[in-house]
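Structural overview for review
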Amino acid sequence: MMQQIIVIGAGIVGISTALELQRRGHSVRVFDRSGVAAETSAGNAGAFAFTEVEPLATPGIMRKAPKWLLDPLGPLSIPPAYALKIAPWMLRFWRASRADRYQKLLGAQVSLMQHSSAALTRQIALVDGEARMQRDGQMQLYESEAEYRASLPTWELRRRHGIDFELLESREAIAERQPGLSPRFTHAGFTPNWMNTIDPKAWTEHLVQAFRDRGGQIETHEVLNLTPIENGVRVTLANGTVDADHVVLSAGAWSHHLAQTLGDHIPLETERGYNTTLPEGAFDLRMHLTFSGHGFVASRINNGVRIGGAVELGGLTLPPNFKRAETLLDKARQFLPGLNTEGGTQWMGFRPSLPDSIPVIGPSPGAPNVIYAFGHGHLGLTQSAGTAEIVATLIDGQAPPIPTTPFAANRF
Ligand SMILES: Cc1cc2nc3c(=O)[nH]c(=O)nc-3n(C[C@H](O)[C@H](O)[C@H](O)COP(=O)(O)OP(=O)(O)OC[C@H]3O[C@@H](n4cnc5c(N)ncnc54)[C@H](O)[C@@H]3O)c2cc1C
């Protein structure tokens, strides 16, 4: 039965969901306070990272984290002004890293990744999107035999879950795949099926075009409040209210504010990330490169190069510290000696992150006609098409393609 649905948030998760609901015959409006891909979905690294199945909270991570925190511009940082606020989230993160929890989260992440990969194939076909994809693979680089050996259990994990890869154990083998790297990289793992979009903002806009071509509407509204009503939901805006049969809440790192208006307290935080996008000609980048020990990546965006990563647990309101983007660029210059670092554009984005590394996908406990779809952290682009299909089956009252219990909002 056709339903009136409002999707809150025109990032990659909201737009993918709107498109899938529209495909199933529903009447869909998307509300965003700023516009299409105005936030985190604009400037990410553009990777569909289906190989990255391991949750961030791995057993033993809390022993390593203090070392990373010693360098204030290192891969992980907590601004002093935010240290107390982030403490409860860190405690939950630590709990998620305990061996029994970790195994369950790993299982959930694997199933979401496998489903998302298949869903992306369907989405690309739906919107005729192949021309926006780059299927060049990815290389994770290591600087010593010891660092490489330490990574092998994670590669074994990938093997167990059917992920294709090749381990490269010499500088020559690395240079065959990507010339111009510093000789400091001695070993690597190459994942041939890794893919990237040419530009994550342009990809979201491409999906929006398909949505509009089929009669969908994107409207500029800030949503202030959600209230359950009989058989539906009331959405409060600055200039009035709109009722719908269902609401999908996909407002990225701001979603918990609206969940709170329904009485749901979800421990969503943001892992802020930084990057610099260099223009075409900056470097002959043949594939996505991951500098594992340094927490950043290089990806090809519109034939330029985007150097980015880092995790700053600094909340939604502190000003950005673009020294982080500069630090990553300095390192990239050492790792890719021919890199031309002139003419770059800096960016900071708010990864929407839950402490157990997997998103919330499912109904609000107090308002079942509100479906939550947020908290994808480092993997929102990767899991967007998969999330969209899960949300759509829940709204249609069908069995979801994967078990959704691990993603429930009441798990915290
Ligand atoms: C440096 C960096 C690199 C990354 N690289 C990758 C990568 O390579 N691959 C990958 O899969 N992921 C990556 N990510 C993560 C990915 O970008 C995010 O997980 C994803 O963009 C989240 O999408 P979203 O739609 O949930 O949120 P957003 O894109 O943030 O969209 C949320 C939208 O909601 C709107 N909104 C918020 N509150 C309201 C309100 N009250 N009313 C109306 N509108 C509202 C906002 O305006 C915004 O447009 C990266 C992130 C960063 C920071």
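Structure: see above.
Since the structure is predicted, the reported quantities are computational estimates derived from the model, not experimental observations.

Here helix α10 (residues 323-335) is 13 residues long and its end C-alpha atoms lie 18 Å apart, about the 18 Å a rise of 1.5 Å per residue gives. Residues of α10 that are buried include every one of R324, A325, T327, L328, L329, A332 and F335, and no others. Considering only its buried residues, α10 is in contact with β4 (76-77), β15 (269-278), β16 (288-291), β17 (296-301), β18 (304-312) and β19 (345-353).

Mapped onto the secondary structure, S116 falls in helix α5 (residues 99-127). Residue classification places S116 among the buried positions, given a relative accessible area of 0%. Here the alpha-carbon distance between S116 and I307, two residues 191 residues apart in the chain, equals 25 Å. Those residues in contact with S116, other than ones at most four positions away along the chain, are F50, T382, Q383 and G386.

The next subject is unusual backbone geometry. For N231, which is not glycine, the phi dihedral falls at a positive 60 degrees. Looking at the element boundaries, N231 is found in the loop between β11 (223-229) and β12 (232-237). Here the phi dihedral of S357 falls at roughly 70 degrees; this positive angle occurs in a residue that is not glycine. Note on placement: S357 falls in the loop between β19 and β20 (360-363). On the accessibility criterion, S357 (15% relative accessible area) is buried.

It is worth spelling out the pairing of β15 at this point. Among the 10 residues of β15, 10 are classified as buried, and the element is accordingly described as predominantly covered. Residues E269, E271, G273, N275 and T277 line one face of β15 and the alternating positions T270, R272, Y274, T276 and L278 line the opposite face, and both faces are buried. One ladder, built from nine bridges, connects β15 with β19; its direction is antiparallel. Bridge pairing in β19 places N275 opposite W347.

Sheet architecture is open: three strands sit in the order β3-β9-β5, paired in antiparallel fashion. Both outer strands of the open sheet, β3 (47-48) and β5 (133-134), are each paired with one neighbouring strand and no more. One ladder, built from two bridges, connects β3 with strand β9 (residues 195-197); its direction is antiparallel. For F48, the partnering residue across the bridge sits in β9 and is M195.

A word on the pattern of salt bridges. For the structure shown, the criterion picks out 21 salt bridges. Ionic pairing is found between D396 and R24, a salt bridge with its closest N-O pair at 2.7 Å. Here R24 lies in the loop between α1 (12-23) and β2 (27-32) and D396 lies in the segment after α11 (384-395), a separation of 372 residues in the sequence. The exposure class of D396 is partly exposed, given its relative accessible area of 26%.

With that out of the way, let us pick up the site of the ligand. For the ligand, the set of nearby residues contains 32 residues, the closest of which are D32, S41, A47, G377 and T382. With respect to the ligand, the backbone of G46 contributes an N or O atom lying 3.4 Å from an oxygen atom. Backbone polar atom of H378 to a nitrogen atom of the ligand: 2.9 Å apart, as the coordinates give it. Notes on the ligand: free accessible area 1,000 Å², of which the protein chains cover 97%. For the shell around the ligand, the element with the highest residue contribution is β19, accounting for four residues. Here the residues of the shell around the ligand are counted per class, giving 12 nonpolar, 15 polar and five charged.

What counts and what doesn't
Residues numbered from 1 in each chain as written. Predicted model: local features only at pLDDT ≥ 70, side-chain atom pairs only at ≥ 80, totals over all residues. Heavy atoms only, no water. Helix = DSSP H or I, 4+ residues; strand = E, 2+ residues; numbered from the N terminus. Expected span 1.5 Å × (residues − 1). Buried < 20%, exposed > 50% of the residue type's maximum accessible area, 1.4 Å probe, protein only. Contact = heavy atoms within 4.5 Å. Pairing = 2+ DSSP bridges. Salt bridge = Lys/Arg side-chain N within 4 Å of Asp/Glu carboxyl O. Near = heavy atom within 4 Å. Polar contact = N/O pair within 3.5 Å; in protein donor to acceptor, adjacent residues only side chain to side chain. Areas by Shrake-Rupley, 256 points an atom, 1.4 Å probe, with all protein chains shown as cover. Nonpolar A, V, L, I, M, F, W, Y, C, P; charged D, E, K, R; others polar.

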